[in-house]
Every structure is written in structure tokens, then in C-alpha cells.
Amino acid sequence: MYTIADQTGDWGMPSPYGHYPRGPGYIRMSLVFDTLLWKDTKGLVPDLASSWQFNKEENSYLFTLQKGVSWHDGQPFSARDVAFTFEYIKKHPYKWVDGSVVKRVEVINDHTVKLVLNKKYAPFLHNIAGTMPILPEHIMGNIDSPVTFRESVALIGTGPYKVVDYNKQQGTYLYQANSDYRMGRPIFDRIRFIKMRQEMYATALERGRINAGQVPGEIADSLRQKGFTVLAGPHDWVAKMTINHKKGILANRQFRHALAAAIDRQALVDICQRGFALAGGNGLLPSDNRWFSKVTDDDPYDLNRASRIIEGLGYVKKDRFYEKDGKLLQFELLMSGSGQRTQGHPGEREAELIRDQLALAGIKITLRSLDPKTLDAMIKNWKFDLALSGHGGLGGDPASVNRFIGGKSFNSSRYEKNKQLNVLMQQQTGETGEQKRKKLLGEIQELYAYEMPTLPLYYPTWFWAHDNSADLFYTNQGIAIGVPLPLNKLSFVDMDN
Amino acid sequence: MHDNYKTLLKNNGMGRAGIGLILLVLLPALAAPLLSPYLPGEYSGSIFAPPSGSYWLGTNDVGQDIWTRLLYGARTSLLIGGGVALLATLTALVVGGSAALCGGLYDQVVMRFVDALLVLPAVLIAILASAYLVPGISLLIILLASLIWPQAARIFRARILSLKEEGYISAARTFGASETYLMVRHILPLLGPILSAVIVQHGRRAIFMEAGLSFLGVSDPTLISWGSMLQHALRYTYLDVWKWWMLPTGLLLSMTITGLALLGFALETISDPRLLPAGNR
Amino acid sequence: MGKIKILLTYLTAFLLILTLCFILPKMMAGDPLMALYGDEALVVMTPQLQAELIERFALNKTLFEQFVAFWGALAHGDLGESYAYNAPVAEVIVKALPWTLLLVGSAFIISALFGILLGIESGSRRGGRLDRSLLTCLMLLNGFPDFVMGILLLLLFGVLLAIFPLAGAVTPYSGETGFSLVIDILHHLALPLGTFILVRIPGIYLLTRNSMVMQMEESYIMTARAKGCSECKVRYHHSARNSLLPVLTLIGTQMASIITGALFVERVFSYPGLGNLLYESLLNRDYPMIQGILLMMTLMVLVINLLVDLLYTRFDPRVAHA
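Cut-offs and rules
Residues numbered from 1 in each chain as written. Chains lettered and ligands numbered in written order. Predicted model: local features only at pLDDT ≥ 70, side-chain atom pairs only at ≥ 80, totals over all residues. Heavy atoms only, no water. Helix = DSSP H or I, 4+ residues; strand = E, 2+ residues; numbered from the N terminus. Areas by Shrake-Rupley, 256 points an atom, 1.4 Å probe, with all protein chains shown as cover. Phe/Tyr/Trp six-rings, centres within 6.5 Å; stacked < 30°, edge-to-face > 60°. Buried < 20%, exposed > 50% of the residue type's maximum accessible area, 1.4 Å probe, protein only. Lys NZ or Arg CZ within 6 Å of the ring centre and 35° of its normal. 1 Å grid on protein atoms, 1.4 Å probe; cavity = no way out; pocket = protein on both sides within 12 Å on 5 of 7 lines; lining within 4 Å. Points joined across faces, edges and corners; volume = space filled by probe spheres on them. Nonpolar A, V, L, I, M, F, W, Y, C, P; charged D, E, K, R; others polar. Domains from an automatic or database assignment. Contact = heavy atoms within 4.5 Å. Buried area = accessible area lost by both parts, 1.4 Å probe. Polar contact = N/O pair within 3.5 Å; in protein donor to acceptor, adjacent residues only side chain to side chain. Core = buried A, V, L, I, M, F, W, Y, C linked by side-chain atoms within 4.5 Å.

Draft legend 1. Structural context of the overall build of chain B. Check the secondary structure of chain B and you find eleven helices and zero strands. When the helices and strands of chain B are listed from N to C terminus, the series reads α-α-α-α-α-α-α-α-α-α-α. As displayed, chain B has an accessible area near 10700 Å², and 70% of this comes from carbon and sulfur atoms.

Draft legend 2. Fine view of unusual backbone geometry. Residues and elements named next belong to chain A. Even without being glycine, Asn-59 reaches a positive phi, approximately 55°. Mapped onto the elements of the fold, Asn-59 is located in the loop between β4 (49–55) and β5 (60–65). In this model, Leu-284 sits at a positive phi of 80°, which is unusual for a non-glycine residue. Tracing the sequence through the fold places Leu-284 in the loop between β15 (277–279) and α9 (303–312).

Draft legend 3. Focus on the packing of aromatic side chains. All chains considered together, the criterion is met by 32 aromatic pairs over all chains. Note on Tyr-61 of chain A and Phe-63 of chain A: the rings are 6.4 Å apart at their centroids and 25° apart in plane angle, and the pair reads as stacked. For the ring pair Trp-99 of chain C and Tyr-271 of chain C, a centre distance of 6.2 Å and an interplane angle of 85° mean the geometry is edge-to-face. Linking Trp-99 of chain C in helix α5 (residues 89–124) with Tyr-271 of chain C in the loop between α11 (258–268) and α12 (274–284), this pair joins segments that are 172 residues apart in sequence. Each member of the pair, Trp-99 of chain C together with Tyr-271 of chain C, is buried. Linked through ring pairs, Tyr-17, Phe-84, Tyr-88 and Tyr-94 of chain A together constitute an aromatic cluster. The ring of Tyr-315 of chain A has Lys-324 of chain A lying over it, and the distance from NZ or CZ to the ring centre is 5.3 Å. The ring of Trp-38 of chain A carries the charged tip of Lys-489 of chain A above its face, separated from the ring centre by 4.4 Å.

Draft legend 4. Local environment of the layout of surface pockets. Of the voids in this model, the second largest pocket is the one considered here, and its volume is about 1300 Å³. In this structure, the second largest pocket is lined by 43 residues; those nearest its centre are Arg-403, Gly-407 and Lys-408 of chain A together with Val-44 and Met-45 of chain C. Broken down by secondary-structure element, the contributors of at least two residues to the lining of the second largest pocket are α3 (124–129), α12 (399–406) and α13 (419–430) of chain A together with α2 (32–37) and α3 (47–56) of chain C. Broken down by element, the residue count for the lining of the second largest pocket peaks at six residues, all from α12 of chain A. Tallied by class, residues from the lining of the second largest pocket come to 18 nonpolar, 16 polar and nine charged. Here the lining of the second largest pocket gathers at least three residues from each of two domains, domain 2 (33–147) and domain 3 (238–460) of chain A.

Draft legend 5. Geometry of the interface of chain C and chain B. Counting residues at the interface gives 64 residues for chain C, matched by 57 residues for chain B. Each partner contributes to the roughly 5600 Å² buried at the junction of chain C and chain B, and carbon and sulfur atoms together form 73% of this total. It is Met-139, Phe-147 and Met-214 of chain C that lose the most area in chain C upon contact with chain B, and together they represent 11% of the buried surface on that side. The interface formed by chain C and chain B includes zero residue pairs in polar contact (both at pLDDT 80 or more). For the side of chain C that touches chain B, the element with the most residues is helix α1 (residues 3–27) of chain C, which contributes ten residues.

Draft legend 6. Structural context of the nonpolar core. In terms of nonpolar packing, the biggest core is built from 272 residues, with Leu-36, Phe-63, Phe-86, Phe-124 and Phe-492 of chain A touching the most fellow members. For this core, the leading source of residues is helix α7 (residues 137–164) of chain B, giving 15 residues. Two domains each donate at least three residues to this core, and these are domain 1 (1–24 + 159–233 + 462–497) and domain 2 (33–147) of chain A. Not counting residues up to four positions away in its chain, the partners in contact with Leu-36 of chain A are Pro-46, Asp-47, Leu-48, Ala-49, Phe-63, Leu-65, Val-82, Phe-86, Ala-129 and Ile-134 of chain A. Ala-260, Ile-354, Ile-363 and Leu-457 of chain A belong to the second largest nonpolar core, which has 44 residues in total.

Rendered as C-alpha cells:
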């Protein structure tokens, strides 16, 4: 039995349409359902498809499927299921996959299937073939409302583990090894997820109650000394100061750089994150990201430069703060209490430090705390000056960069003023050549840093501790679409067998 | 009358202990700048420093002196406790009292309104308030008072209903005493014991609720209060810091409430002459 | 006031409160679309998915249309589908209810019993040694907020001494059945229940004691004593009967906070229950779920108040003429 602890517990029924649209929900589903391709520490590996070929002229992918695979109920798996899946998601969108990219699916024979695309789409292998769980046609074929389909047959997949129980109230999941699994041998007879407060993990690990869990950075060393393995995760999550770049002086690009230069981001890391984070860079992506490129406009902490810019804009310092035309240089900084959100989400501690730092630069900040969803709504409706927020998804395919810069969501900068930036973003999703794409992304980061519509503050470092009974690892560019958790199902399957 | 209260309070062991405890918290809170070289928001030391000569209770997760924050936090918590207790008790007394004295349809309508307030969860109200109003300590006091008073209104109503039928009050009414006169002259003094218990409970609930709302992240986390200190300390219970961060804060909270409660009891003894020992009568 | 009239006011109150419960959650900033799908950066929000979700969350309908639909469904006993859980609201509530009832219900009964008993004993021996030590102990207890008490118990008995489990309501998938399952449940229940009882007793105790102290000096008690009634009979038959009125009210009104009051303890011990459910639903802007839970709370409060109103007449016949 392998036990994984989780703070939240319930992440939805572990079926493709039942799991909540978050990383941990997908993980719980991924043990049961397979995708065409999967990823390990290096990159793409076969899953239901044993090999794949790209046809550039036709803009299509040809997949050769594994033989002898069967669904948990004994029905054989075939190319028809793959075709069915991609047709089904056109009617019933699966939350994590843009089904409109696939123009049509051709079943060549029982073990060969061809997916023809609508447009050039670089993230196809990662974000579609490597993310879309393949659905059983014989079960889902006559289901019109997959979201409310909660019969036990909704949990029939081809994956290495079968669901024995899912308990929403207790927030627990129990899986059993699928002895008919073809692509490898499941290592554990049973796997379970249980709900527990994170503060208790260290004790629970030592007592053997759990085998793995996400732990705070402070106890990483003491756990290592006790023989546990502690993994530091890649930086997938960015804490940002969102700026209302449509309002007053904040619309001024130069002024935004003055703000950036007046905030000591390393101090935020050292004091508020106790060192367990990476200071933010203006180009959005963290330095350990494979698409990262150094930008010229990185605004290191420099109060003199901040003052020069602010004074250059006609502001005069009276007492402690700058003024112009009798009006104080003053903003309201919105935030939500840090207790309830992702570990490392900026909250009152970060807000207070930023307030103090900006006061030194002559900018007056008033703080206002809101419940998390109210804060999101205020940002979405542009009812703010400055706000502390953040989001994950940096580790996956860089197509997501476009969503964080030009997307419509509240956690996007929603910045469309720079035409060149918009063009570059369109180009990079269509570019399948890795080097060319990297160059395009470098230019995007450079321009983004130049415009600075949002200030990246830091990237929190997350730790997972486990007792070595399974070989947990962080997946290259994240599991599926980019889930930054070391719970890859390959850790629970012996592939050599 | 007032001098009398004072002497009586002085002679009452519980009252002395209660006042002592409250002063023990109140005086350092008022004299905070004299008792600590730091400011509560100052990042004066390293992170999670254990107690030492320069940091009596160590430092917190961002290197602020815990002892200093405890002193300044006392100000906020006492202000919230006191303010809410008075505001909520007054509201409850007026609403519960008028419902009991007037009776009839008014009573029914008011009490159902009270029921409605009891049902609505505090978290919902706090989320709503924070979206439409700018937070601050005065808003927090009004918010907490409006969440707390309904329970007591029912208690006051119940008590007054039964007092109303006491023989001498009915007698006073037959002699033409007005309801207000009855309330102030006869009923209010009899409410003494319950009143003091309710005030103490209100102060306690206010301080707790402030802590609870910040525990859930829907209060104003930038207020330096015991509530927000507890909430922060609770996040690091896997480290040793809880021993000099959470424990002192919790104990101080407990001490204040105990002081209030003792004082309440002492006042009860004094306000109700029937309960006095023979020697003091 | 006639019984029918009272029932009518209760019915009006019920409808009014329900209306409030419908409108207030919708006044919170943000909507379920954003709350559930918003801050997850990995969701691919295609126009098609967005349209489907807007339809499902009824965001394309006016508040009035939603209101009419809400009442229409309610008339058929349908509480709707939860947005976050993709399951019928009634089903989710029914599954969480037993745990809350087990925890809060037993805590309520035990703390009320002990609180009243201690209050009566203490109040009737005012100033005695028992009274003083009880008063001091309980007043100290009175000073701890529930979540601090919970964490302290958890740190002491769960982490340091390792006597009790760290989280949850049962050992997940231990395969226990029958008697050993009951033991397992009680083992998990001990700490949250202990926390609840410890923080609840002082309030009830203090009120009972105060009330009792008053009553013990009333003339009819003197009469009863003079008549030669036994001390025990005086205490429990004469005096306690009248002291319990305000206590009864207190307990009645506390029932309302059963669900929200359990929230903190449930969160500390990761205990599955309605408090947690309500809190999550508020954060998720899961309107049907919030409305369902509030509906249940409203019903509970009104029924209990009605019972308390009726009990008054039994305990204190004078109120019946009021």
C-alpha cells in the first residue's frame, strides 16, 4: 500500500469528466486512464501509442497503438476508441484540451490512427496527445451528459490502476493494481490518497502513516537527515503584482519600471518566503525554465533610478511622499490573506513589505484585504490600482505564455498595446522547430520586460518528501499539460517488466 | 453610589483579581513603546530566532519581534473586545427588551428577524462586507457586533418575559408605571447578573471571532491583533516556534478573558444587594 | 397569541430568510465560472467550453429567472446540482450530515449536560470550595478559542504523545468492520469532540450558575427549604427549573451556529462535515450548495426556536399568558 497525503482531499471523481480542473484532480484520473503519449524525466514516451510520425505536408500525426491492451472491464482497446475520443470532445469539451485543433481522425486499422490538424500547432504532442485521456467508446458512446455521469463504469480506463473507492466527504481515494496492464507491471498492490493538514506530514511520514506529501521548506533538512528524500520542484508558479495599466500614471510604461526598481524582490524572497523562492525577473519565465532567456530591462533594486524616473515625470517630493498638482502619489494595493491559497501565494506579509519599500521611494500605498474570489473579481473588472496575485502553468508548453500576457482571464496581464508582441505570440505557437521557437520566446520575454504590464515578484519553491518506497520524480515540463507534481504514474509502474 | 461600588469592588477578592489581570494586560499595552525598543512592523531580527536577551519571545516568520507585536496586538484586541461587547450588548438589550415589553406582532416580527441573522453565516457576511466597504478597525467592530448580538437578544427577551410577571412589577404596572420606567427602574437592575455574563461573553466572542475570521482569511490581516498573530503562528506548528509564539498569545488571550469574567462576577455580586453577605448589607 | 398565528409568523420568516439566502450569496463578488475555472492556469477555456459552463451555471439568466427556477425546483424538493461537486446538492449534504451530527450533536449533548450539572452544583454552593475551583478552572478554559484549543490538543495528544490520529474521521481503507470500525471512529472522534466540549462547557456553565445563584435567594426557595424539602429536591426541582430558561434559550440559539461553529474544529482536524462544505462552497461561489446548506440551517433554527417557545410554556407557565 502506498499512501499519499493531501491537504484538500477531494479533487473530484477520478474520471476524465469528473475530476476538478486542477493538477491534483488530473493526477488522480491519470492512474486510471491512459493517453496516447506520456512524459518522463527526459521527455515524451509511448503510452497507448507505441510510436508516432508527423506528416508536415498534411499537418497530421500518425499513431501506431499498443497491441493487446484492454479496458478494465475486459473489452479490447482499439483505434476506434481514439477516434471516438477526439470526436466526443468536440461535443463535450474536456477542460484541459482544445479539441478544435483536431480537424478529423482517420482509423487506418485496429492499431493505427491518424489525427489531421486544423492549423499549425506546436504544443500538439504535449498538450493534446500527451494530455487527452482516451475514453472507452463502448461506455461513453451513449452518454450525453458526461459531467453528471457518476456510475462506477465511468471509472473504466486502460490505466495501471483501477479505482476501488472514491470518498468525496473524507477526501480519500483507493486504487488497486490492474493485473492485466500491458505496458508494465504496477509496483503497488494498492495506492491511496488521504486528507491531512500539511503541518502534520512530517510526523505522519516518521510514523509511516504516509509515504509521500508536499512539505514546507523549513523541515526539508531535518527530513533528509532522517533518511527521507526531499525533492525541490521546478518553478512553475509566479507571484505577481498586477498593475492596472489602463489607469492614470500606471498606464505610463516608465512609471511601471520605477515601481519595479523601487521593490526589492530579493528581500521579498529572503524575508517573506524565508528563502524558499526564486526572485522574479521581468521576462515572466523563471531562470530554471527551459524557454527562459535573459532580458535587458530587468529593473534591479535601485531607489535612485526610481526617484529619477518619478521626478522626470513631474513629481515633487513633499515630506515623505511625491506629489503632482497637489495630488499625492498614492495607490491602493489589493491582496487576500495568504492562509487559504497556494503555498507561496503573496498575502499580507508581502503586501506590508512592499508598502514599506514603496514608502521609502516616496510612493504611498494603502492596503486592502479581500477574500480570494472577491480579489479575482476586482482584478477582472479593472477595479484596482495594484494587486497581489499569481498563477501556475509556467512549466508546461510555452503556448501558455500567450494566455498569461494577452489572455482574457484575470490572471493574465491582458496587455494588447504592443503590436509586435502580439505577432510574436501568434508565431511561437505555430513554430515546431525547437531552436526557432526558443528565439521567438526570447524576443517575447524581451518585449514583455520592456512593457512591464505586470511585475513578476518571485517563484516559490515547493518541496515533496517521500520514504523512497517509490521512485518519485518531477516530469520534464510537467505531467500532461504541465502539472508540477512529482506524482507521475510511471513512478508506480515497473516499465522494464 | 459610585464610591460605594468602588469600595465594594475593592473588598471583593474576585473583583480584585479580575481588575489585576486586566490591568496586567492593559497597562503594558498602553506603555508598549516604553517596554520594547522595536516597532511592531519592524523587520528587526533574523527569521524564527528563538527567545534571547534582545528578543524576549523570539521573532516570527518575517523576523519581527513577537513580544513587541504581542504588546501592540493587545491594544487592538482590547479595543475590539470592549467596543463590540458594549455595542452588541446595548443592541441586544434594546431589541430583546422592547420585544419582551411590547409583545404581540412586534415581538414576533423582531424575533424572526433575529432568527434570520442567526442563520446567516459570519463568513458570508464578512466576505460581503469586505467587497463593498473599506476594512478597518471601526468596520470590524460594527461587523462583529452585528454578528454577535442576536443570541443575547433572545436571552434578554426570555429573562425580561419572566421578570415582567413578577408580582411587584405587575403591581407597579397597575399603579400606572410606563413600560420605559419599568424597564429602567425595576427590570434593568434585576438583569444585572445576566447582563455582566453577556458582556463578558460578548467580549470573549468578539476577540475570538476576530481571530477566527483572520484564521479563515476574511478579516483584515494587516491589523496587528492577537487573532492575526495566532493565525500566523498556527501555520508553523511543525516547528518549535509555536512554544514561544502561539502559546504566549493564547495564554494572554485566556488571561484577558479570565480577567473580564472575574470582574463580571464581582460586579454581579455588587449590583444585586440581595446576594451580598450579611456584613455588607 | 394563538398557535396558528405563531406558525404563520414562522412560515413568513422561513420564506423571508430563504429569499435572503438566495440573494446574499449572489451579491458576493465573482461567479462560479471564475471561482472554479479561473485561477487554474491549465484550463483551456475554449468558447465552446465557456458557453457550456455559462449555461450550466445559469449565468445567462437574470436573477429573477434564477429566483423563479429556484422556488420551482424547491417546490419539488429539488435542491439542484452543485457546481463544484458535479453532484446533486441533497446527496452531498446527506453524506456530510452524519459526520457533523456525530461530532456536533454529541458535543452539544455532553457539554450541555455537564455545563448545566456543574452550573447547578456550583451555583447552589456559591462561595464554597467546589464553586471556587470550578469557576476558576472553567474561566481559564473559557479563554481559549476553539481552533487554538484544537491545535493544542492535536499537538499534545496527536503529535507529542501519539495517542490519537492526526486527521480525518476514520482510518482510510483499513478494512475495519463492525466493532473495530466503531472503535476506529471513536478514536478519530476523541480529539475534535474533546475540543468542542471543552470550549462549549464554560458558556453554559457560567449562565446556569448565574441564573441559579439568583434563584437560590428567591423567597419560594426559602419557603421550600422551610417546608423541609431536601436540598437535592430544592436544587433540581425548584430552583433549576427556573434557572434553565435563559440556558435553554442559549442552547437553542447555539444550534444555529452548529454548522458554522463546527467549521474551525473541522478544519483543524480535517474532519468531514457541513461546516467545511459551506466554507468551500462560499469560496467556490457554488450557489446551489450554499442555498441548500442555508436552507437546512434555516429549517433547523426555526424548528428549534419553535420548540423552545413551546418549552417555555412548560417550564414557566407564566409566559403562556403573555
